[in-house]
Amino acid sequence: NPSKKDNNNMNTKIVIAHRGASGYLPEHTMEAKAMAYAMNPHFIEQDLVLSKDNVPIVIHDIYLDDVTDVATKFPGRKRKDNRFYVIDFTFTELQMLKVTERFNPETGEQFYPNRYPKGKGNFRLHSFEEEIELIQGLNKSTGKNIGIYPEIKDPAFHQKEGKKITEIVLKILSDYGYQTKKDNCILQCFDAKELERIRLELKSDLFLVQLMEFEEETKQLEHFATYADGIGPWYKQVLEKKVGGKWLFTTLVSDAHKLGLKVHPYTFRADSLDEFTTFDEMMETLLMEAGVDGAFTDYPDLVVNFLKEK
Ligand code: G3P
Ligand code: CA
């Protein structure tokens, strides 16, 4: 269970509720976060994008099209590329939208067909502060100590639009008591220059995780270690190949560990297994055999139970 004694629970393998309990409820809704909380992960994730009036909104894309009814509520507000941008709407306007399971806006088809039915329920967008208050409130009422794991989405896009997302997020974190590595918060970003700036220029003492998605990034670990505390690779960057029924691994995990970096791969999805036959095989292979330090998962209950039995 998430513990108060272990700083950031960093001496155990951690479970990160990816977009909440997003295997069961529409991603990044308060309902998905409350459900995730009850499953006892160590951290709950928030992807962050700014609204027109500079409120960090908990949403995965800089677009609204794939998870809301924006096209029917505000049909005239799309840009030339046919997309609706979070940044073009005020927080009040964003609160009017209904959130649904992720779908393809061109075909209307639900992305994960066996998840919560698209269009059902009454889910809404919310701000980062509202989510922090939910988690801190639950920590108080339950006595648990579940952390937050925010991601600054597309800082280059925000900068191009004249928005200072990083400074705004850091200020909110500080106001809510997340200031050092001990404060049960891990800050993540795909943009290496921005994460480096957060450490070296903005002098943040938070636990920082460098997200990775490309093969060539595996050669930059030494540089990442100059400012980050961990890496968040795509899980496929850990796998080499399967030989005689056994997985062989790349050197990513051992290289990262030699540099003192924790490794939290994404995304453990029980309904999207690809090279694995069962979810148990995925968890056993990555968490036990490859020796990663945590998992971003849409199914926090399954990973929490798996680790409890080890
Ligand atoms: O942040 C870890 C993982 O969530 C990265 O992928 O695209 O789901 O934000 P994404
Ligand atoms: Ca993320």
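Residues numbered from 1 in each chain as written. Chains lettered and ligands numbered in written order. Predicted model: local features only at pLDDT ≥ 70, side-chain atom pairs only at ≥ 80, totals over all residues.

**A closer look at the UniProt feature "domain: GP-PDE" (unreviewed entry) in the chain**
Step number 1: Mapped onto this structure's residue numbering, the UniProt feature "domain: GP-PDE" (unreviewed entry) falls at residues 13–307.
Step number 2: Summarising residues 13–307: 30% helix, 16% strand, and an end-to-end C-alpha distance of 8 Å. (UniProt positions renumbered as here; feature names shortened; annotations may be inferred. Helix = DSSP H or I, 4+ residues; strand = E, 2+ residues; numbered from the N terminus.)

**Section: the environment of Arg19**
Step number 1: In this fold, Arg19 is placed in the loop between strand E1 (14–17) and helix H1 (30–38).
Step number 2: Residue class for Arg19 comes out buried when judged on the 28 C-beta atoms lying within 10 Å of it.
Step number 3: Taking the C-alpha atoms as reference, Arg19 lies 20 Å from Tyr178; in sequence the two are 159 residues apart.
Step number 4: The residues contacting Arg19, other than those within four sequence positions of it, are Glu27, His28, Ala32, Glu45, Asp47 and His60. (Buried ≥ 20, exposed ≤ 12 C-beta atoms within 10 Å, placed from the backbone. Contact = placed C-beta atoms within 7 Å.)

**Digging into the site of ligand 1**
Step number 1: Taken together, His18, Asp47, His60, Glu151, Gln188, Leu211, Gly232, Tyr266, Thr267 and Phe296 form the complete shell of residues around ligand 1.
Step number 2: Here the shell around ligand 1 is composed, by residue class, of 3 nonpolar, 5 polar and 2 charged. (Near = placed C-beta within 6 Å. Nonpolar A, V, L, I, M, F, W, Y, C, P; charged D, E, K, R; others polar.)

**Overview of the packing of H1 against helix H4 (residues 128–142)**
Step number 1: The N-to-C vectors of H1 and H4 enclose an angle of 25 degrees; their axes lie 11 Å apart at closest approach. The angle between H1 and H4 places the two elements in the roughly parallel class. For H1 against H4, the interelement crossing comes out right-handed. Judged by residue contacts, Met30, Lys33, Ala34 and Tyr37 of H1 engage Glu131, Leu134, Ile135 and Leu138 from H4.
Step number 2: Looking at side-chain class alone, the contact of H1 with H4 contains 6 nonpolar, no polar and 2 charged residues. (Axes fitted to C-alpha atoms, helices over the stretch in contact; angles between N-to-C directions. Parallel < 35°, antiparallel > 145°, perpendicular 65-115°, else oblique. Left-handed = near helix turned anticlockwise from the far one by under 90°.)

**Points about the pairing of strand E5 (residues 186–189)**
Both faces of the sheet carry side chains from a regular strand, because those side chains alternate between them.
Step number 1: Burial of the side chains of E5 extends over both faces: Ile186 and Gln188 are buried on one face and Leu187 and Cys189 on the other.
Step number 2: Where E5 and strand E6 (residues 207–211) come together, 4 bridges link them in parallel fashion. Counterpart to Ile186 in the pairing with E6 is Phe207.
Step number 3: What joins E5 to E6 is helix H7 (residues 192–200), and the crossover it makes is right-handed. (Pairing = 2+ DSSP bridges. Right-handed = clockwise from strand over helix to strand, strands pointing away.)

**Remarks on the environment of Tyr112**
Step number 1: Within the fold, Tyr112 resides in the loop between helix H3 (91–94) and H4.
Step number 2: Looking at Tyr112, the number of C-beta atoms within 10 Å reads 17, which means it is partly exposed.
Step number 3: Linking Tyr112 and Glu215, residues 103 residues apart in sequence, is a C-alpha distance of 27 Å.

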